[in-house]
Amino acid sequence: MNKIDMSVDLNGLKLKNPVTVASGTFGFGEEYAEFIDLNQIGAISVKGLTLKPKEGNPPPRLYETPMGLLNSIGLQNPGVEVFIKKYIPYLRQFDTKIIANINGANLEEYMEMARILDKEDVDSIELNISCPNVKDGGLAFGTNPAVVRNIVTEIRNCTTKHLIVKLSPNVTDIKEIALIVEECGADAISLINTVAGMAIDIEKQKAVVERKVAGLSGPAVKPIARESKVEIVATGILLLCAKALAVVRPILIPVKEPGPFETAIKSISSIVIFKLLNKFFIIGINF
Amino acid sequence: MKFYGKVKVKKVEFMTEDAFKMVVDRPNDMVIEPGQFFMIKNVELHPLLNRPISVSSYNETEIEFGIKIVGTGTENFSKLRVDDEIFLMGALGNGFDLKKEYKKVLLVGGGIGVEPLKGAAMELNKMGIFTKMFLGFNNECFDIDIFKKIANEVITFSEAENKADFIGYPTDILNDELSKSDYDAVFTCGPKILMKKVNEISKANNVETQLLLEERMACGIGACLGCTCETVNGYKKVCEDGPMFYGNEVNLNE
C-alpha cells in the first residue's frame, strides 16, 4: 500500500503528520512511551515550562464534568533547565518535532525563557499566554490586546525559532487577538487553551479546587474550539475512534494561510487514527 | 509495552448493595503486583475518563476487581454482563513492597479497601510470610471465606451488631495486637481516616506501614499531574509514585 503523505507545513515548521499532542496532556512523552510509539506523532508540545521548577497547585486538581474535565494543575514542571538537560535528548531519540511550551509570571520571565530556548534544540516555541490556573501571567496576559501586542513583539525579538502563540477562548473576540499575534510576527496560533470554569462541592459549600477557577477541556469544549475562527487558524479536539479517552490535540495551521479546518479534521479522523493510532488514548487536558 | 486494550468481562457479582466483584480476562504476559491498579473504561464514550481501580486478586487467566459504586463510572461497570468488553490499561503504579525479610505482616482493610489486600495476602502467603488480617465493614462482611483461605488468621469488624467477630473498627484493638506481637509491617487500605489511624498506631509501635492512596485521576501514568498528594518530599503523583506509600512519607490530613 502506498504511504499517504500527511505532512503539513505550519508556516515553517514541517510536521510529517498533523497529529500533535497538546501541552499538559502528554507530559514529556516518556510517560506514554510504554504505550505507544512516539515516532508516530507529528509533534509533541511538552508540559508547560517555567524558568524555575514549579510545584503546581494543591490537590485536588481534577474534577470531571459531563464529557469534560476541569483541571487546576498550575503548571507543575521541573523547570526549563531540566527540560534542556533531560527531555530534549530524550525526545530527540524519536522522529517527532519538539514544541517547547513557555510560561512566565511576568514579561521578563517569558523573555528569558525565549532567550534560553532560542539556543537549544527545539523545533518551535509555544508562547502560553492563556493558562487559567496560575495567578501571574497566563490568562491575564492573553486576554488584553495591548499586553498581547507587547509580549509577542518582545518574544519575537528574543528568538528566531518558529513561534506559536497559544490563545485563550476567554475573550470577547479571539479574532482581534489572533490578528495582533500575526501582526507581531508569530508563525502560528494554537487554539484553544482551556476554558475558565468552576465546580462547587455542595456538601462542603465551596469550590472543588483551591483556586476556585479551573480550566475546562474535553469534548464539552470542542464546539467552542471549532467556533474559534476557522478562517484564521484551526485547532481540533478529536475524540478518538478508540473511544477509550478523549484527546485534545491542536492542529496548528499557519496564520498566513488559512487552514482547511474541516478537511484536516476529516483526514485525521479517517486516516491517521486508523493508520497509526488505533491504540491512542491521550487524556484531553489542555493547558 | 504495557497493556492497553479491550478485554472481556467474565463475571459481575454483587457482594453488598453497592459493592461488586468484576472479573475480566487477563491478557498474556501481563505483569501484576498486588497494590497496583488499572485504568478502566467502558466502551461507550460517556463518562469521559478512565476509572482507576485497584487490582483485588488475580490468577494466570483472570483479574478480579472489588468495586464500590460511587458515581456514574463505577455504576456503569456494575451493569456489565458476561462477555461485554471494557478497556483496560495497566497494571499501573507501584504496589506493595513485599520484602523477603518480612516474617509477619498485619493487613488492615476497611470497606472496599479490603479488596486490594487480597492479592497482597496471597503473595505473602506464597512467600511463606505469616499474615493476619483485620477487616472492617460498615455492615455485612464479604468474601470472608476467601480471606480465610489466603491469610493465616482473619478477624472481622462491623459497625453493625451480629455481623462480625467484633462490633467496631479494626483500630479498636490494633494497638494491643501490635504491642503484643512482633510484626514487621502493616499493610492498610481503606478510608483515609482508617489509614491515618492505623499509621499513627503502627508508628507508635515502631512498625512500618505501607498504605494505598486513592485519588481522582485522568491519565493514570504520570503525564497529567492531576492526582497529586502531599508528602514530606513535596507533591507526589499517586498514580506513578504510588499508589503505595510508606506511612512516614505521606500527609493523610484531609
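As a starting point, this report considers the structure included with it. (Residues numbered from 1 in each chain as written. Chains lettered and ligands numbered in written order. Predicted model: local features only at pLDDT ≥ 70, side-chain atom pairs only at ≥ 80, totals over all residues. Heavy atoms only, no water.)

Turning our eyes to something else, we now look at the overall build of chain B. Looking only at helices and strands, chain B features 5 helices and 16 strands. Here chain B holds 254 residues, and the buried ones make up 58% of them. When the accessible surface of chain B is summed, it comes to about 11200 Å², and 43% of that surface belongs to carbon and sulfur atoms. (Helix = DSSP H or I, 4+ residues; strand = E, 2+ residues; numbered from the N terminus. Buried < 20%, exposed > 50% of the residue type's maximum accessible area, 1.4 Å probe, protein only. Areas by Shrake-Rupley, 256 points an atom, 1.4 Å probe, with all protein chains shown as cover.)

All names here are of chain A. Pairing within the open sheet is antiparallel, and its 4 strands lie in the order β5-β6-β14-β11. On the outer flanks of this sheet lie β5 (62-65) and β11 (195-197), each paired with one strand and no other. Strand after strand, the sheet turns through a mean of 35° between neighbouring axes, direction not considered. Direction of pairing for β5 relative to strand β6 (residues 68-71): antiparallel, over a ladder of 4 bridges. Residue pairing across strands places Y63 opposite L70, the latter belonging to β6. (Pairing = 2+ DSSP bridges. Axes fitted to C-alpha atoms, helices over the stretch in contact; angles between N-to-C directions.)

Right, let's talk about the nonpolar core for a bit. Core analysis: the largest hydrophobic core is formed by 83 residues, its most contacted members being F83, L127 and L167 of chain A. In terms of residue count, the dominant contributor to this core is helix α1 (residues 80-91) of chain A (7 residues). Sequence-distant contacts of F83 of chain A, that is, excluding residues within four places in its chain, are made with F28, V46, L49, I88, I98, A100, L117 and V122 of chain A. Formed by 28 residues, the second largest nonpolar core is a distinct cluster that contains L107, L117, V154 and Y246 of chain B. (Core = buried A, V, L, I, M, F, W, Y, C linked by side-chain atoms within 4.5 Å. Contact = heavy atoms within 4.5 Å.)

Residues and elements named next belong to chain A. Taken in spatial order, the 6 strands of this open sheet run β3-β4-β7-β8-β9-β10, and their pairing is parallel. This sheet does not close on itself; its edge strands, each paired only once, are β3 (20-21) and β10 (188-190). Examined bridge by bridge, strand β7 (residues 97-102) and strand β8 (residues 124-128) share 4 bridges and lie parallel to one another. Along β8, the bridge assignment pairs N101 with E126.

On to the pairing of strand β10 (residues 153-158) of chain B, then. Residue and element names in this part refer to chain B. Summarising burial for β10: 5 of the 6 residues are buried, a large majority. With 6 bridges connecting them, strand β9 (residues 130-137) and β10 associate as parallel partners. Bridge pairing in β10 places L135 opposite T156. Running through helix α3 (residues 144-150), the crossover from β9 to the neighbouring parallel element β10 is right-handed. Two elements, β10 and strand β11 (residues 166-167), share 2 bridges in a ladder whose sense is parallel. Looking across to β11, one finds that S158 is bridged to I167. (Right-handed = clockwise from strand over helix to strand, strands pointing away.)

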